[in-house]
Structures are given as structure tokens and as C-alpha cells.
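Chain residues, written in single-letter form:
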Amino acid sequence: MNSSPILAGLAGVLSSAAPILFAVIGETISELGGVLNLSMNGMILLSAMGGFAASLATGSILLGFLAGAAIGALVSLIVAFSSITLKQSQVAVGFVLALLCRDLSYFLGSQIMGQTAPRLNLLPIPFLCNLPIIGPLLFNHDIMTYASFILVIVSWFHIERTTPGLMLKGIGENPRAAYVRGANVNRLRYIYTVVGGAIAGLAGPLYSLSVKAGWKGTISGLDGIGWIVLSITIFGGWTPFRAALGAYLFAFLQWLGLILQPVMPNVPSQVLQVAPFPLMILTLLLVNISNAEWMERSLSRLPVPVRRDILKVLHSLNAKPPASLGVPFDDES
Amino acid sequence: MIVEFRCISKAFGAVKANDSVSLSVPEASIQAIVGENGAGKSTLMKILSGYLCPDSGQILLDGKAVRINSPACALRLGIGMLHQDPLDFSPLTVLDNFILGSPSRFVPNRRKALEDLAGLAGRLGFSLSPDARIDALTVGERQQLEILRLLWLGAKVLILDEPTTGISLPQKEKLFVALKTLAAEGMSIFFVSHKLEDVESLCGKAAVLRQGILAGTMEQPFDSKELVRMMFGKDLGPATRSCRENGKPQPCFNLEVKNASMDGTRFRMKGIGLQVQAGEVIGLAGMEGSGQELFLGACGGLVPTSGGAICLGNAGKAMTGRTYHDFQGSGVGYLPAARLEKGLVPGLNLAEHYVLANRMPGFFIDRDKALDLADSRIAAFNIKGGPESPAESLSGGNQQRLLLSLLPDNLSLILIEHPTRGLDVESTIYVWAKLKERCAQGASIIFISSDLDEILQYSDRVMVFFAGNVTPPLDAESLNVQRLGELIGGKGWEALQGKKEAHQENKELEHA
Ligand SMILES: Nc1ncnc2c1ncn2[C@@H]1O[C@H](COP(=O)(O)OP(=O)(O)OP(=O)(O)O)[C@@H](O)[C@H]1O
Ligand SMILES: [Mg+2]
């Protein structure tokens, strides 16, 4: 079969996007509730290191993932406490935590660098994996990749179709109105921030036990992923399916960088490795550009039918963040 | 349900918002709560609805003392409140807003909610599209939704905090019919308002609050003079009439709009022409979202025009495509309706607002000077608050006074959305007196209002907007409330159309 290397590559895109997906969905949940968790970059590194160390020590992959989730939950608990209870700036706290956790992971992880821990195995799904094209593409992955598919659907269902999901949007949009409708806003914000953190914390071990197995300290290649996660969350417009699209787009760009390297020997390999990052920011810019006033102004010089079409496309792409993202809530009584 | 307040007191710092208020309201009645801005009306209602806890005092429902410590708890007891600013979720749909907060299953039963919504809406004569997003609705429709939601959740006591500010005349009539139906069915309704006509036509009893104290109560038929005296502790003189009477407008133009067009989300407006003379007041009437907001924004450079020209000053300086900043530089001031969101900076105190508004030259802030400046402006505009009080702690009326006091002195064109929305009678008269002063100094004013009386009373000429259609400027003296109401509702435009064409022909003849 001629197409099989491409198919394998695309399957690889799906599995290498899995950790990004976990992180993006976790962040989306937290931000929908109104808490901006900027610590993502450090949190992923620390949970990658912690998860690797845990499964190295115990020999259990499961414990590795649990450790990652626990670290994610713990870091986001700090974010939640300082922003919800202490009402401090979420940006400042998140940023400091991002730097702190990153350096902490390098420091604590220095002893276990380069060792080999258990790895997540492939788990082809019987029968389904033998289907043409979609078999190798969708049904020949490790368990966490399947979980990432399910996560997208489950989180979408929770956010868009259930009563608590509606309230989640409510507390991030207008916490005062949510309070009047009976929500315990700050408790819900705690819960969703910590749950979101725990989900995002799974991204770390998913890297260190599967996608980029091992812990190599500063050259693990994980630094920066967390920042991209934050931008994909915006790209995703705080909806799981669009977020998944963003995650796959990013993983696809990374894969393109890899396969283009032999084809374009003149381009330094670093350029192709780094290219997905600015490209991602660029798409983000494009998606949200119709928010900008200068854009409207410059568009206003175009003839009406053209402008209307452009605006229609731009507005349909455009997503508004939860109105109270980053704003602490105080009930007045 | 019989609602009784017993000696309710609530203080915010040194301000006694409610001071030992006692009041009993029988079921199947509509009780008006009136009083000047900052009298403590909202505070008392928030205490009943569980949004605020009283410092002391008791609330009795049907004779039983109850503790209401959260809005959810109040709703369980059957008390629902429509807040002064709508508390809903703008990116969500009508149906989602309806469901949100109801004690429903994990996966809500949308079909049942939809049926209930349609049933309740039909009973009260409201029509809401369940799939519309809240940010596409008018304030009136958002109110209707909130009322339906509270009824659905079993409210037997309904509190409406200034429900008639910002809704159109037909919406108001619909609301009143609905409220009367509900009261006849046994509901106790609290109706907070500044408009005495509304109180007179709707309520059986009125309670007057003044500076946190219950100043008195009155039953139908009301003596409005006496009510006003109870509210303000004095009689109020008649409002100033249109400034035409104060002298002929000088032949000097502050604004010329030539054949302008603008794009709204739902319609396109074309061929708008207007010349505003110095000292003139132009009122823009129409249901919310009919295009008047776009037009006013375009006059201030906040909304881009898609055709035509906008010129400022007697020299006709072309401003098309310029930013608000350029307009500001040419003497245009804009007062938005959403005071706290767009006009003021929550978190900054009054003195800081004056410094920000460029009333202070220099790079460093001279604190003493800033405080002096603030003191003098606060005194000049009669604002209830100190230089150190944050903007958001002022009551609605005082926020409006603050906005006015921030306007620079040498403006030639003042654009205002709803200049007196939510203001008490005294403040309304006061605000317009201040605006008229500006007119006498040669400024022009264009304002939007949903209060037809205000439009007719204060404007020299009126433009009516209906779904993106605009009348030519009409002489205010040739209009009355009924005619204006019809135009706003889209009736009687054919006659105008003829006039407009004639008007244009005349112009062409003039040019030729
Ligand atoms: N959260 C708060 N913090 C501090 N002061 C407050 C607060 N809420 C209200 N006040 C003050 O309490 C007083 C009563 O306010 P309230 O909002 O009850 O007035 P109101 O009668 O509803 O006025 P309006 O007609 O302007 O709405 C005002 O002086 C106001 O400044
Ligand atoms: Mg009030």
C-alpha cells in the first residue's frame, strides 16, 4: 500500500496531539469557570517529570499518570486559592508558577535524567483496527489517545448539554447572575479549576511515558508546549471540538516540519521545528482579527458586498472569552 | 403571600441605606416603592430577595419570621427579583437562560422547558424566540424572559427594580397588563420606579423612602404633589422648556451629516441628512436597536459610516473615517448609557476620575490640588459622594451626575445616550438644566431616549428611527406623544415618505 506511511504519520499526529488535547480541555474548563490558569507550561513539565519519577519508582504506569494528575491538581489549587480566596491577580500568580514549576522540574528531575521507565503500550482494538484506512488511523493507539478522543466528546457533552455545564458557563460569564440563580460561585470555581488542572496534569506523563518517552531535563523538548496550549484554548473558542481542531492542527504542523526536513535541506532544521509555534499564533490572530477596531476601519473602505462576506466569515470564526475571565467574585452580603 | 418588613436597617460604612424600615404588603396587590436616587429602594428590595443581609430587623412571610440568606433561599420561599441591571448571560440563548439555575435533572429536559416557556409567555402576552441569543434582545425582552423564569420557578412575590427604564412604550404597556394579571391571580408585586405616572396607573399603594427612612405611604388615588414632597422634602418647580424660547438659534452650524449610511447587524441605514445649529437639541426616538445608537455613534466617530459625510463646526471640517479621538479633539463629547461599563472606571475614586478626564495639567498628580478640584466639581454638580469614594459605590443618579461633571467645558457637540435613565425627578430636572446651560453657551446636543415625554419636552427637533428607517428631522412642536408612539411602532410613515420626497425635491430645486 502506497499510502501507509502517510497514514502512519497521520495516526502519529493524532497520538502526539493527545497530551495537548488533555491540557487544552483542562484549561478550557478552568477558563470557562472564570479562572485563567497561566501556569500551564510549568505544570506540564512538572507533571511530566513527576509522572516519570513515579512510574520509575513503582514500575506502574497507572501510578505515573495519577501522579501527573495530582501535580496538576495541586498547582491549580494554588492558582485557585490565590485568585479565588485571596483575590490576587491570576496573571501574576500563574506566570510565576509557570516559571517556578519549570525550574523545579529541571532541578528535581536531575537525578532521574536518562533512565528508562515503563512505556505505554499500543492497544489495537480488535476487528476495528483491521478496517481499511480508519483502522490504522483511529484504532491502533495507546489507551490515553483513545481517552483523549473520549475526553473531547465527554467534555463537550458536559459543557453544552448538561445542567452543571450550563452553570459552568454561567459562573464564567456573569458570576453575579449565577449567584442569584443559586450557584455557590467560588466553590464551583475551585472545583472546575482543580478538575481542569488534574486533566491538564495528565498531559505531562503522557509525554514522558509515551509521546516523548523519558525524562531528559532541559532537552526534553516540552518547554513551550504550555504556552501553545494557552493559545490553542483561545483558538478553540472555549469549545472542545474547536479546541481539538487546534490541537490537531498544531500536531500536524509539527509533523509537517519533520517530513519536510529531508525535502528542504537548505532550510535549517531549527526553522522547521520552531515554525509551528509562530504559525499557531498567526492562525490565532486570523481567527480573532475581526475583534480589532482597526480591522473594521480598514474594511469599511471596501465595497459593501465584499466586506459583508469577509465580515461574515470573520465573525463566525470569532469567539468571545467568558466575560468574567480573571475577575474575582464577591457576594455583597 | 403577605410580606412584612420589621425595622429593617442596613448600613454601608457611614451611609445608612435603610434605617428601621417597617412595611406590610398584602397579597394580590402591587406596591410601589418610590424615592429619590440613593434613597435605599434597591437596598430594601435586595434584602427581601436575599441578595443582601440586613444589619438588623426581620422579614415575615404570611406572619412567619423567615431568614433569607441567599437569593436561592429567597426563591425557595417564593420571592423572585428582577434586578435594576438585568442579571442574565448574554452569549447564551433564551432557552439556556431560562433553564440555567432551575433545579432540573443532570441533562435538562429541554422540550418540557420549551413548552413551559411558550405556555407562560402566551399567558402573559410576551413573545420570545427561544433560540435567540440574549445579546440580540432588547432590555424589555430580557426583562420579560426574567419574569417568565421567576414565575416558572414558582415565585409568589415578584420584585421589579425600575423595570420601566429603558423599555419602549408598547413593551411597557405589555408589562403592565401582565403585572395586573399576575396581581389579580394573587401575587404580591413590588414595583420600584421614578416615574410617578407609572406608579399612578399601576399601583394600589405607594411607600416613599427618603435617605433610608420610610417617609410615608399613600393609597390610590395618589396626590402627586404630596408624593413629590415626601420624596424630596420640598416642592419641585416645573422643568425648563425647550431652549428655543430662550432666544433664536444663531445661524451657526455645529454638525452636518450629509447623506450618510451605516451598516447595522440587522439592517442598513441610508441617506440620513441632518444639520444641527448651535444651541439646538435633537432627540432621537425609536425602540431600542432601531438604528438610533448607530447614528449617534457615527456622529461621534464611534461607528464607521459606509457612505456620505460627517462634518463638524461652521467651517464644515470633514471628519468621515476619523476616530473618536479626533472627534474629541474637535469638541465632541459622548456620554454612553452603560455608565459603569463604558463611561466610568470602576475601582477609581472620583478625584482620580477628574485627573483622568484631563482637568489637571502636568505629568505628576498633585494630590491636594486633585482633591480640591474634585471637591469643587462635586459641589457644583451636587454629587452625593466624596472625592475618595469609588465610582461604583454611587447610586445610579449620582453616577450620571459624575459623568456630566467630567465633560470638558468647551464642547460644541454633546452626544448622550439616555441622559436621565434611572434618575429621579429632581435629578432629571437638574441634569437638563446643566445641559441647557451648555446649549446657551453655543453647544448642540443630540440625545437618545426611550422616554417620549423627555424627547418632546427637551428637543427642538426629533428624528424617529424604525428598523433602520429614519424620518427627516421633525419639529418637536408639531408632534405629540401619540403621534411619536405611532412612528416608533412603524405606523404612519407613508405620510412622511411623501413629505420626505417633497423635502428632497425642494432641496434639489434650491441647488438648481
Ligand atoms: N455595595 C454598596 N457599597 C457602598 N454603598 C452602597 C452600596 N450599595 C448601595 N450603597 C449606598 O446606599 C445608598 C442607597 O442605595 P440604593 O442603591 O438602595 O439606592 P436607590 O434608592 O436604589 O437609588 P437609585 O434610584 O439611584 O437606584 C446609596 O447612598 C448608595 O451609595
Ligand atoms: Mg436602585
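Residue indices begin from 1 for each chain and proceed along its sequence in written order. A letter from A marks each chain and a number from 1 marks each ligand, given out in the order of writing. Given that this is a predicted model, residues contribute local features only at a pLDDT of at least 70 and side-chain atom pairs are listed and counted only at 80 or more, while totals for whole chains, interfaces and linings are drawn from all residues. Processing note: side-chain calculations cover all non-hydrogen atoms of the structure and skip hydrogens and water entirely.

On to the overall build of chain A. Strands are runs of DSSP state E lasting at least two residues, helices are runs of H or I lasting at least four, and both sets are numbered from the N terminus onward. Within chain A, the regular secondary structure consists of 16 helices and 0 strands. The atom set for the radius of gyration is the C-alpha atoms, and the globule formula is 2.2 Å times the number of residues raised to the power 0.38. Relative to the compact-globule value of 20 Å for 333 residues, chain A shows a C-alpha radius of gyration of 21 Å, a close match. Considered along the principal axes of its C-alpha atoms, chain A spans approximately 55 × 55 × 40 Å. Residue contacts are counted whenever heavy atoms from the two residues lie within 4.5 Å of one another. Summarising the internal contacts of chain A: among those between residues at least 6 apart in sequence, 75% fall at separations of at least 24. Accessible surface, chain A: about 15,000 Å² in total, of which carbon and sulfur atoms supply 71%. Note on areas: Shrake-Rupley with a 1.4 Å probe; residue coverage comes only from the protein chains shown.

On to the overall build of chain B, then. The helix and strand inventory of chain B stands at 18 helices and 21 strands. Taking 24 Å as the expected radius of gyration for a compact globule of 512 residues, we find that chain B reaches 24 Å, a close match to that expectation. C-alpha extents for chain B along the principal axes are approximately 80 × 60 × 50 Å. Any residue under 20% of the maximum accessible area for its type is buried, any over 50% is exposed, and the rest in between are partly exposed; the area is computed with a 1.4 Å probe on protein chains only. Taking all 512 residues of chain B together, 51% fall into the buried category. Long-range pairs, those at least 24 residues apart, make up 66% of the contacts in chain B with a sequence separation of at least 6. Split by element, the accessible area of chain B, about 22,000 Å² in all, is 52% carbon and sulfur.

The disulfide criterion used throughout: a pair of cysteine sulfur atoms within 2.5 Å. Summed over the entire model, instances satisfying the criterion amount to 0 disulfides over all chains. Unpaired in terms of disulfides, C53 of chain B finds its nearest cysteine sulfur in C73 of chain B, a separation of 9.5 Å.

If a probe the size of a water molecule is rolled over the atoms, the empty space left behind becomes visible. Residue and element names in this part refer to chain B. Taken as a whole, the second largest pocket holds about 1,000 Å³ of empty space. What lines the second largest pocket is a set of 42 residues, and nearest its centre among them are K195, E197, V425, D451 and D453. Residue assignment for the lining of the second largest pocket shows that the elements contributing at least two residues are α6 (169–184), α7 (196–202), α8 (224–232), α15 (425–440) and α16 (452–458). Per-element accounting of the lining of the second largest pocket gives the leading share, 5 residues, to α16. Gly is placed with the polar residues, together with every amino acid not listed as nonpolar (Ala, Val, Leu, Ile, Met, Phe, Trp, Tyr, Cys and Pro) or charged (Asp, Glu, Lys and Arg). Residue classes in the lining of the second largest pocket are distributed as 14 nonpolar, 15 polar and 13 charged. Two domains each put at least three residues into the lining of the second largest pocket: domain 1 (3–232) and domain 2 (245–331 + 411–511). For each structure, a 1 Å grid was placed over the protein atoms alone; sets of points admitting a 1.4 Å probe that cannot get out are labelled cavities, open sets with protein on both sides within 12 Å along at least five of seven lines are labelled pockets, and lining residues have an atom within 4 Å of a point. Grid points are joined across faces, edges and corners, and a volume is the space filled by probe spheres set on the points. Here the bounds of each domain stem from an automatic or database domain assignment.

Turning our attention to the site of ligand 1. The near set for a molecule or strand comprises every residue that places at least one heavy atom within 4 Å of it. In the vicinity of ligand 1 lie 19 residues, with G38, K41, S42, T43 and S393 of chain B positioned nearest. Residues lining ligand 1 come from chains A and B. Think of a polar contact as two N or O atoms within 3.5 Å of one another; within protein, one of them needs to be a possible hydrogen donor and the other a possible acceptor, and neighboring residues in sequence only count if both atoms come from side chains. Note that an oxygen atom of ligand 1 is positioned 2.8 Å from one of the backbone N or O atoms of G38 of chain B. Contact distances for ligand 1 include 2.9 Å between an oxygen atom and a backbone N or O atom of G40 of chain B. For ligand 1, the protein covers 79% of the area, taking 630 Å² as the surface of the free molecule. Among the elements of the structure, β2 (15–25), α1 (41–48) and α14 (396–406) of chain B are those that each provide at least two residues to the shell around ligand 1. Among the elements that line the shell around ligand 1, the one with the most residues is α1 of chain B, at 3 residues. Of the residues in the shell around ligand 1, the class split is 4 nonpolar, 11 polar and 4 charged. Built from parts of two domains, the shell around ligand 1 gets at least three residues from each of domain 1 (3–232) and domain 3 (341–407) of chain B.

This next bit is on the packing of helix α6 (residues 143–161) of chain A against helix α12 (residues 240–263) of chain A. Residues and elements named next belong to chain A. It is the contact of α6 with α12, at a shortest axis distance of 9 Å, that shows an interaxial angle of 150°. Taken together, the axes of α6 and α12 are roughly antiparallel relative to one another. Along the contact surface, α6 presents F149, V152, I153, S155, W156 and I159, while α12 presents P240, F241, A244 and Y248. For the contact of α6 with α12, a count of residues per class yields 9 nonpolar, 1 polar and no charged. With axes taken as lines fitted to C-alpha atoms, and helix axes fitted only over the stretch in contact, angles between N-to-C directions fall between 0 and 180 degrees. To sort the angles, those under 35 degrees are grouped as roughly parallel, those over 145 as roughly antiparallel, those from 65 to 115 as roughly perpendicular, and the leftovers as oblique.

Residues and elements named next belong to chain A. Axis separation between α6 and helix α7 (residues 163–173) bottoms out at 5 Å; the angle between their running directions is 75°. Here α7 runs roughly perpendicular to α6, going by the angle between their axes. Residues H158, I159, E160 and R161 of α6 lie in contact with α7, whose contacting residues are T163, P164, G165, L166, L168 and K169. Here the contact of α6 with α7 is built from residues that sort into 4 nonpolar, 3 polar and 3 charged.

Our focus in this paragraph is the interface of chain B and chain A. Chain B puts 40 residues into the contact, and the matching count from chain A is 27 residues. Here the buried area means the combined drop in accessible surface, using a 1.4 Å probe, for two parts upon being joined, counting both sides. Taken together, the two surfaces of chain B and chain A that pack against each other cover about 2,800 Å², and 57% of this comes from carbon and sulfur. One speaks of a salt bridge when a side-chain nitrogen belonging to Lys or Arg is within 4 Å of a carboxyl oxygen belonging to Asp or Glu. At the surface where chain B touches chain A, the tally comes to 1 salt bridge. Salt-bridge contacts for E146 of chain B lead to R181 of chain A; the nearest nitrogen and oxygen are separated by 3.2 Å. Of all the secondary structure elements, the ones that give two or more residues to the side of chain B that touches chain A are α2 (71–76), α3 (94–99) and α5 (139–152) of chain B. When residues of the side of chain B that touches chain A are assigned to their parent elements, the largest contribution, 3 residues, is made by α3 of chain B.

Many analyses report the size of an interface as the accessible area lost when the parts associate. Domain boundaries assigned for chain B yield domain 1 (3–232), domain 2 (245–331 + 411–511) and domain 3 (341–407). Between the C-alpha centres of domain 1 of chain B and domain 3 of chain B there is a distance of 32 Å.

This paragraph deals with the pattern of salt bridges. All chains considered together, the criterion is met by 16 salt bridges over all chains. The closest approach of N and O atoms between R110 of chain B and D96 of chain B, which form a salt bridge, is 2.9 Å. Here the residue R110 of chain B occupies a position in helix α4 (residues 110–124), and D96 of chain B occupies one in helix α3, the gap between them amounting to 14 residues. For R110 of chain B, a relative accessible area of 25% gives the class partly exposed. Connected via shared salt-bridge partners are R102, D103 and D223 of chain A.

Looking now at the sheet that holds strand β14 (residues 307–312) of chain B. Residue and element names in this part refer to chain B. Whether two strands pair comes down to DSSP finding at least two bridges between them. Strand order in this open sheet of 4 strands is β12-β11-β14-β15, and the pairing throughout is antiparallel. Lying at the two open borders of the sheet, with one neighbouring strand each, are β12 (268–277) and β15 (317–318). Pairing geometry for β14 and β15, over 2 bridges, is antiparallel. Within the sheet, the bridge partner assigned to C311 lies in β15 and is A318. Strands β11 (253–263), β12 and β14 of the sheet are contacted by helix α9 (residues 292–299), whose axis makes an angle of about 130° with β11.

Bringing unusual backbone geometry into the picture now. Residues and elements named next belong to chain B. Each neighbour pair has its own omega, and for Q220 with P221 the value is -10°, a cis peptide bond. Position of P221 among the secondary structure elements: in the loop between β10 (213–219) and α8. Even without being a glycine, N259 presents a positive backbone phi close to 50°. Structurally, N259 is set in strand β11.

Turning to a negative patch on the surface, a few remarks are in order. On the surface, a cluster of negative charge is made up of D366, D368, D372 and D375 of chain B. Position of D368 of chain B among the secondary structure elements: in helix α13 (residues 367–380). Patch building starts from residues that exceed 30% relative accessible area and form no salt bridge, then joins like charges within 9 Å and nonpolar side chains (Val, Leu, Ile, Met, Phe, Trp, Tyr) within 5 Å. We score Asp and Glu as negative and Lys and Arg as positive, and we do not count His or the chain ends. Charge positions come from single atoms, namely NZ of Lys, CZ of Arg, CG of Asp or CD of Glu.

Inspection of the entire model under this criterion finds 5 cavities of 30 Å³ or more. Taken as a whole, the largest cavity spans an internal volume of roughly 90 Å³. Along the walls of the largest cavity sit V180 of chain A together with S49, Y51, P71, A74, L75, I79, G80, M81, H83, R149 and L150 of chain B, which together make up its complete lining. For the lining of the largest cavity, the secondary structure elements donating two or more residues are α2, β6 (79–82) and α5 of chain B. Residue classes in the lining of the largest cavity are distributed as 8 nonpolar, 3 polar and 1 charged. Each pocket or cavity is described by its volume, and for the second largest cavity that value is around 70 Å³. S168, L169, P170, A285, G286, M287, S449, S450, L452 and I488 of chain B are the residues that line the second largest cavity. Only α6 and β13 (281–286) of chain B provide two or more residues apiece to the lining of the second largest cavity. For the lining of the second largest cavity, the class distribution of residues is 6 nonpolar, 4 polar and no charged.

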